[in-house]
Every structure is written in C-alpha cells, then in structure tokens.
Amino acid sequence: MPSRRTVLVGLAVGLMLGRGALAEGPPMVAVTKDPSCGCCERWVTHLREAGFTVTVTEGPVNPLKIRLGVPRELASCHTAQVGGYVIEGHVPAGAIKRLLAERPEGMGLAVPGMPVGSPGMEVEDMQPDTYDVVLFGKDGRSTFARYRGGELT
C-alpha cells in the first residue's frame, strides 16, 4: 500500500504534467511584416484572438519570401512561419489550425493579394470577396479551403 506522501506527490506531478499539456496550445506564429502596414497588424490581432501566440518582426519581407520559396504569384503583404509551414498573406486562423491538425504535404498556405473581407482586410460597407486559401509546395498547388470574407464556404 503506497504511503499518503507517495499518493500526494503522484497527484501533484500529474497535475503539473496536465497543466503543461493544456498550456501548450497552438505553436508560436512568427510574422514578418513591413513596419507601416496596418492590415498586417489587424491580421496579427485576428490570430491572437483565435488563440495563437504571435511574434512580429518588422523589416523587409521580400528576402524572406524568396528564402522560404513563396511563389511570386502567391505573394501578399506579410509572411509568417508556424509549425514548419509558411503562411503567406491574409490566411484565416481556422485554415491555419486545420493545416496544423492535418499536416498535409506542402510548404504552406497562401492567400494571394489582399482580398476584401479576409482577416485584416475588412472594409466597412464593402461586400467581402470570395477567395481561395492555396496549399503550395514543391509538388504544385491546390485549393485548401475557400472563404467569403472570414467565413468558410
């Protein structure tokens, strides 16, 4: 029969391990953006509101896009890295969470350009665009998800 102390120590260790697992949450998102870009700041806020921890580096973004292999035609105004993937542009947090859960083959996700209504690009009194979230990689590209504004269609 274990002593009372052994049981209490076991419970304390179990609680600490459980708390650590709960505290992990989604991985850190590292965003690189131009210092003067307001829509990028709104996208970062969108990610934080969705539960992501985000670090922001301000500076030249194009050299990073080239180094990470973002195709020019998929480029947008900011680039992020999370869980071994590249995130280009105004990708909704829900698509990033799905990417991290499913872990498909590819380099990352992109929302080319700056579609109206995408996270960070909301414009009052304008109808949101419908746009594709593109999964890209060395084997090509495919539509990962389709959104209208911030809503999955």
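Look up a bit, the structure's there.
Residues numbered from 1 in each chain as written. Predicted model: local features only at pLDDT ≥ 70, side-chain atom pairs only at ≥ 80, totals over all residues. Heavy atoms only, no water.

Enquirer: Got a sec to walk through the overall build of the protein chain? Specific residues and values, please.
Expert: Helix and strand counts for the protein chain come out as 4 helices and 8 strands. For the protein chain, the sequential pattern of α-helices and β-strands runs α-β-α-β-α-β-β-α-β-β-β-β. Taking all 153 residues of the protein chain together, the buried fraction comes to 39%. Sequence separation of at least 24 residues holds for 51% of the intrachain contacts in the protein chain that already meet a minimum separation of 6. Approximately 8900 Å² of the protein chain is accessible, and the part contributed by carbon and sulfur atoms is 56%. (Helix = DSSP H or I, 4+ residues; strand = E, 2+ residues; numbered from the N terminus. Buried < 20%, exposed > 50% of the residue type's maximum accessible area, 1.4 Å probe, protein only. Contact = heavy atoms within 4.5 Å. Areas by Shrake-Rupley, 256 points an atom, 1.4 Å probe, with all protein chains shown as cover.)

Enquirer: Explain the sheet that holds strand β3 (residues 78–82) to me, and be specific about the residues and the numbers.
Expert: With respect to topology, 8 strands assemble into an open sheet ordered β2-β1-β3-β4-β5-β6-β7-β8, the strand pairing being mixed. Looking along the sheet, the strands with just one partner apiece sit at the ends: β2 (54–58) and β8 (151–152). Pairing between strand β1 (residues 29–33) and β2: 5 bridges, direction parallel. Within the sheet, the bridge partner assigned to T32 lies in β2 and is T57. (Pairing = 2+ DSSP bridges.)

Enquirer: Run through the packing of aromatic side chains, naming residues and quoting values.
Expert: A full pass over the atoms with the stated rule returns 1 aromatic pair. For R98, the ring lying beneath its charged end belongs to F144, and the centroid distance is 3.8 Å. (Phe/Tyr/Trp six-rings, centres within 6.5 Å; stacked < 30°, edge-to-face > 60°. Lys NZ or Arg CZ within 6 Å of the ring centre and 35° of its normal.)

Enquirer: How would you summarise helix α4 (residues 93–102) if you had to cite specific residues and measurements?
Expert: Those residues of α4 not exposed but buried are A93, A95, I96, L99 and L100. Around the axis of α4, the buried residues are gathered within 160 degrees of arc, so they sit on the same side. The secondary structure elements touched by the buried residues of α4 are α2 (38–49), β3, β4 (85–89), β5 (108–111), β6 (130–137) and β7 (140–148). Residue R103 follows α4 closely and has a positive phi angle near 50 degrees. (Arc of directions from axis to C-beta.)

Enquirer: Break down the nonpolar core for me, citing the residues and quoting the values.
Expert: Counting residues in each nonpolar core, the largest one holds 25 residues, and the members touching the most others are I87, I96, L109 and V133. Listed by contribution, the elements that provide at least two residues to this core are β1, α2, β3, β4, α4, β5, β6 and β7. For this core, the element with the most residues is α4, which contributes 5 residues. When sequence neighbours within four positions are dropped, the list of residues in contact with L109 reads V86, I87, E88, V91, A95, I96, L99, V133, V134, L135, F136 and F144. Ranked by size, the runner-up nonpolar core spans 8 residues in total, among them L64, L68, L74 and F136. (Core = buried A, V, L, I, M, F, W, Y, C linked by side-chain atoms within 4.5 Å.)

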